[in-house]
Amino acid sequence: MNGVLRAELLSARKRPGVWVVGGAWAGLALAFGMVVPYIVWLIIRNRPQGSAGDPDKLIGGLLPDRFLSGTVDLYPMFGSALMLILGAVLVGGEYRWGTWGTLLVQRPGRSAAVLGKAAAIAVVLLCVTGAVVACSAAASAGAAALSGRSAPWPDAATLLGGIGAAWLVSMAAASVGMFLAILLRATGAAIGVGLMWLLAVENLVSGLAGVLPALHGPERLLIGPSAGSLATALDPTGKVNSSIPGVVSVSGPVTASIVLAVYVVVFLGLSVRLISRRDMS
Amino acid sequence: MPDGDETVIRTSGLTKRYSADTGVFDLDLTVRRGEVYGFLGPNGSGKTTTMRMLVGLIRPTSGTATVLGHPAGSHAAQRGVGALIESPAMYPHLSGRDNLRVLARYADLPPTRVDEVLDEVEMTAKADVAFRAYSLGMRQRIAVAAALLKDPALLILDEPTNGLDPAGMAGMRELITGLRRDHRTVLLSSHLLAEVELLCDRVGVIRRGRLVADGTVEELRQGAGGGWISVAVDAPERAAELAARLPGVRSATVVDGELRVAADRDRAAAVNRFLVENGVEVSELRCAGGSLEDVFFELIGDQGESGDEPRQQPGTERAEVVNR
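Residues numbered from 1 in each chain as written. Chains lettered and ligands numbered in written order. Predicted model: local features only at pLDDT ≥ 70, side-chain atom pairs only at ≥ 80, totals over all residues.

Asks: What should I look at first to understand the overall build of chain B in this one?
Replies: Looking only at helices and strands, one finds 11 helices and 14 strands in chain B. Considering only contacts within chain B whose residues lie at least 6 apart along the sequence, 67% involve residues at least 24 apart. (Helix = DSSP H or I, 4+ residues; strand = E, 2+ residues; numbered from the N terminus. Contact = placed C-beta atoms within 7 Å.)

See the structure below:
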């Protein structure tokens, strides 16, 4: 599978769609996680205590001790959606260009081909996650310097935990995107169905769970709420960041991690099964 | 029947049923080591489906297929097979070279192999251009290069000359001739029957998913009654009597006031000489029938499988007969 992984990495590295989606996510995360809140803070920082908005809370969320949870907070709704798109794009192209046959004639073993692709996606997502966290860290350092405030950086274990959490959420979403692209044999349809699930169905379930206790169980099994639970666990205050849409905390970090890992395993398994059973015509 | 070592492809009752009359049905095919086997049939007759089954992209409904002594599509079989099936499918954003690098990595081949096959298909100079910018002929060359990557013992080529200009076609013929010289086996599907006639040791004709003929071109010609020589003469009845005595002449009849001599075209000069020597005035002589094209049309009937145009009148001209 090493050869397949190297092949897929070469293909992904030279694919404009990967750079566009990955770059867009890094840019959006920077803009909505750091730049916009900082600009808002600049506007409201001189407001008297008790007026609308809390400048201290706002700038506090941008400082180094909380930048990591602030970044992971963006994953339940926005990051997972973009990573689902990335997964669908990376696999759906094979149907668009009819390249499955070309690949499989070269290399026996359909499972190896799918798992090689998944491994390449995992590497790509790790790079994207690293870039997003690095950009946020740089912006956080800038915000601290410009605002004249200081806060400690998270320790290495927390930093690795944060990167791991963001990567796991990304992998879960990308695995769903990959599976949908294989199931529907198309990129566009996979993205449409995937986004409808992540943005509409998951948020609906999450919203209704507030009034329907019967939905608490299913809510814990969703990608967004599990991602929110991980982000909340990374926050030094341990509180849900309600200023970012889609962030809820429904379980502990271990349960959330297991749920997300199950998504990866199940959807990769289904992808392998589909590719292995289907005719390639 | 050849022994196992000499048989590169063997299918037995191979069937892929899409509907009652669509697919491949009960196909028994044998391709021997070192031969170039022409696989002919109109569009939709099942050629590509058969080829896809041979490389494991499609699973048969029933029957068996072995390739290089192993089940079709198995790891062991795939190691020795290179294939170009239907149109060249590559990544448009990658260059020809990068496409081949991806495929070489898939097959665990050294990167030097990419340069070798690029050289073999004469694409080294254009190897770094994006695949999407290639002409159809260039794409076809890159796809052939991909099929050659594994230095395969068996090459499955589905219409490899599609989109090639005359020079490209000549190059492809040379390539296939070279492969035969190297004792490699080639399963070739093409609509260019003259090309198949030139290149192939044996030919199989498939119609509506069933193999309707299999043998050397000469065997198919004989099976279809061979060719004939039409002669315009002043005394057709007498000429027919005379011509029937000539060695190599199967029969001589008068059709529409013209002498029709059933014989191979290489007997034409002898027929002419014999008639003139016996006082028959010959005003016109032409060879007709007996080409692979004639045999092909006789076997597949007057129309292709998927709404192809009716056949062109069989005659002396050899031309591309399907997808006109």
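There is more to say after this.
Asks: Would you mind showing me how to read the UniProt feature "transmembrane region" (unreviewed entry) in chain A here?
Replies: All names here are of chain A. Listed under "transmembrane region" (unreviewed entry) in the UniProt record, and renumbered for this structure, are residues 20-44, 74-93, 114-139, 159-183, 195-215 and 254-275. Annotated as 100% helix and 0% strand, the span residues 114-139 places its first and last C-alpha atoms 37 Å apart. Annotated as residues 159-183, this span is 100% helix and 0% strand, and its ends, taken at the C-alpha atoms, are 36 Å apart. (UniProt positions renumbered as here; feature names shortened; annotations may be inferred.)

Asks: How should I be thinking about the environment of Leu 268 of chain A in this particular structure?
Replies: Summarising the element assignment, Leu 268 of chain A is placed in helix H12 (residues 253-277). When the C-alpha positions of Leu 268 of chain A and Ala 231 of chain A are compared, they lie 24 Å apart, and in sequence the two are 37 residues distant.

Asks: When you look at the domain arrangement of chain B in this model, what are you seeing that I'm missing?
Replies: Reports often express the size of an interface as the amount of accessible area lost when the parts come together. Per the domain assignment, the segments making up chain B are domain 1 (4-221) and domain 2 (227-288). The distance between the C-alpha centroids of domain 1 of chain B and domain 2 of chain B comes to 43 Å. (Domains from an automatic or database assignment.)

Asks: I tried to follow the interface of chain A and chain B on my own but got confused; where do I start?
Replies: At the junction of the two partners, chain A supplies 24 residues and chain B supplies 26 residues. Of all elements in the fold, only helix H1 (2-13) and helix H6 (99-106) of chain A reach the threshold of two or more residues within the side of chain A that touches chain B. No other element matches the seven residues that H6 of chain A contributes to the side of chain A that touches chain B. The class makeup of the residues in the side of chain A that touches chain B is 10 nonpolar, nine polar and five charged. (Nonpolar A, V, L, I, M, F, W, Y, C, P; charged D, E, K, R; others polar.)

Asks: What's the story with the sheet that holds strand S8 (residues 185-189) of chain B in this structure? I'm lost.
Replies: Consider a sheet: its strands pair through backbone hydrogen bonds, and that pairing is either parallel or antiparallel. Residues and elements named next belong to chain B. On the basis of which strands lie adjacent, the open sheet formed by six strands has the order S6-S7-S8-S3-S9-S10 and mixed pairing. The sheet is open, and its two borders are formed by strand S6 (81-84) and strand S10 (210-215), each paired with just one other strand. The sheet shows a mean angle of 15 degrees between the axes of neighbouring strands, taken without regard to direction. Pairing of strand S7 (residues 154-158) with S8, which is carried by five bridges, proceeds in the parallel orientation. What sits directly across from Asp 158, in S8, is Ser 189. Those strands touched by helix H11 (residues 292-300) are strand S3 (36-40), strand S9 (202-207) and S10, and its axis lies near 30 degrees from that of S9. (Pairing = 2+ DSSP bridges. Axes fitted to C-alpha atoms, helices over the stretch in contact; angles between N-to-C directions.)

Asks: I tried to follow the sheet that holds strand S5 (residues 70-71) of chain B on my own but got confused; where do I start?
Replies: Residue and element names in this part refer to chain B. Spatial strand order, S2-S1-S4-S5: four strands in an open sheet with antiparallel pairing. Taken across any chain shown, the strands that pair with only one partner, and hence form the sheet edges, are strand S2 (22-32) and S5. Here five bridges tie strand S1 (residues 7-19) to strand S4 (residues 62-67), and the two strands are oriented antiparallel to one another. When the sheet's bridge partners are listed, Thr 15 is paired in S4 with Ser 62.

Asks: Would you mind showing me how to read the confidence of the model for chain B here?
Replies: Detailed reading of the predicted model is not advised wherever pLDDT is low. Residue and element names in this part refer to chain B. Per-residue pLDDT for chain B has a mean of 85; in total, 89% of the residues score no lower than 70. A low-confidence stretch, residues 305-324 (pLDDT under 50), is modelled with 42 contacts involving residues beyond four sequence positions or located in other chains. Prediction confidence for the complex, expressed as pTM and ipTM, is 0.83 and 0.89 respectively. (pLDDT = per-residue confidence, 0-100.)

Asks: What exactly am I supposed to notice about the nonpolar core here?
Replies: As a rule of thumb, soluble globular proteins bury nonpolar side chains together. Judged by nonpolar contacts, the single largest core of 160 residues is most densely connected at Val 169 of chain A together with Ala 145, Ile 156 and Leu 188 of chain B. Here Ala 145 of chain B is in contact with Leu 100, Val 117, Leu 118, Glu 120, Val 121 and Met 123 of chain B, once residues within four sequence places are set aside. Core analysis: the second largest hydrophobic core is formed by 15 residues, Val 249, Ala 262, Val 271 and Leu 275 of chain B among them. (Core = buried A, V, L, I, M, F, W, Y, C linked by C-beta atoms within 7 Å. Buried ≥ 20, exposed ≤ 12 C-beta atoms within 10 Å, placed from the backbone.)

Asks: Looking at this structure, I do not really get helix H3 (residues 96-106) of chain B. What am I missing?
Replies: For an α-helix, 3.6 residues make a turn, and residues three or four places apart therefore share a direction. Residues and elements named next belong to chain B. Counting buried residues along H3, 11 of its 11 residues qualify, which places the element largely inside the surrounding structure. Those residues of H3 that fall on the buried side of the exposure criterion are Gly 96, Arg 97, Asp 98, Asn 99, Leu 100, Arg 101, Val 102, Leu 103, Ala 104, Arg 105 and Tyr 106. Positive backbone phi, approximately 55 degrees, marks Asp 108, located one or two places after H3.

Asks: It is not clear to me how the pairing of S8 of chain B should be interpreted in this structure. Could you clarify?
Replies: Where a strand is regular, its side chains alternate between the two sheet faces. Residues and elements named next belong to chain B. Buried residues dominate S8, accounting for five of its five residues. Of the two faces of S8, the one holding Thr 185, Leu 187 and Ser 189 and the one holding Val 186 and Leu 188 are both buried throughout. Across four bridges, S3 lies against S8 in parallel orientation. Residue pairing for S8: Gly 38 is matched across the bridge by Leu 188. Following the backbone out of S7, through helix H6 (residues 166-181) and into the adjacent parallel S8, one traces a crossover that is right-handed. (Right-handed = clockwise from strand over helix to strand, strands pointing away.)

Asks: It is not clear to me how the environment of Gly 257 of chain B should be interpreted in this structure. Could you clarify?
Replies: Looking at the element boundaries, Gly 257 of chain B is found in the loop between strand S12 (251-255) and strand S13 (258-262). In sequence terms Gly 257 of chain B and Leu 148 of chain B are 109 residues apart; their C-alpha atoms lie 55 Å from each other.

Asks: For this particular structure, what's the right way to read the packing of H3 of chain B against helix H4 (residues 112-120) of chain B?
Replies: A pair of packed helices is captured by two measures, namely the crossing angle of their axes and the spacing between those axes. Residues and elements named next belong to chain B. At a closest axis distance of 9 Å, the pairing of H3 and H4 adopts a crossing angle of 130 degrees. Taken together, the axes of H3 and H4 lie oblique to each other. You can see that H3 and H4 cross each other, and the crossing is right-handed. Where H3 approaches H4, its residues Arg 97, Leu 100, Arg 101 and Ala 104 are matched on the opposing element by Arg 113, Val 114, Val 117 and Leu 118. (Parallel < 35°, antiparallel > 145°, perpendicular 65-115°, else oblique. Left-handed = near helix turned anticlockwise from the far one by under 90°.)

Asks: Looking at this structure, how should I read the pairing of S12 of chain B?
Replies: Residue and element names in this part refer to chain B. Two elements, S12 and S13, share five bridges in a ladder whose sense is antiparallel. Along S13, the bridge assignment pairs Ala 252 with Val 261. Hairpin connection between S12 and S13: a loop of two residues separates the two successive antiparallel strands, and Asp 256 in this loop has a positive phi of roughly 50 degrees.

Asks: Which parts of the structure should I look at to understand the packing of helix H5 (residues 75-97) of chain A against helix H11 (residues 223-234) of chain A?
Replies: Residues and elements named next belong to chain A. Running from N to C, H5 and H11 point in directions that differ by 120 degrees, and their axes come no closer than 9 Å. Relative to H11, the element H5 lies oblique. Packed against H5, whose contacting residues are Tyr 75, Pro 76, Met 77 and Ser 80, the element H11 presents Ile 223, Gly 224, Ala 227, Gly 228 and Ala 231 at the interface. Along the lines of polarity and charge, the residues of the contact of H5 with H11 split into six nonpolar, three polar and no charged.

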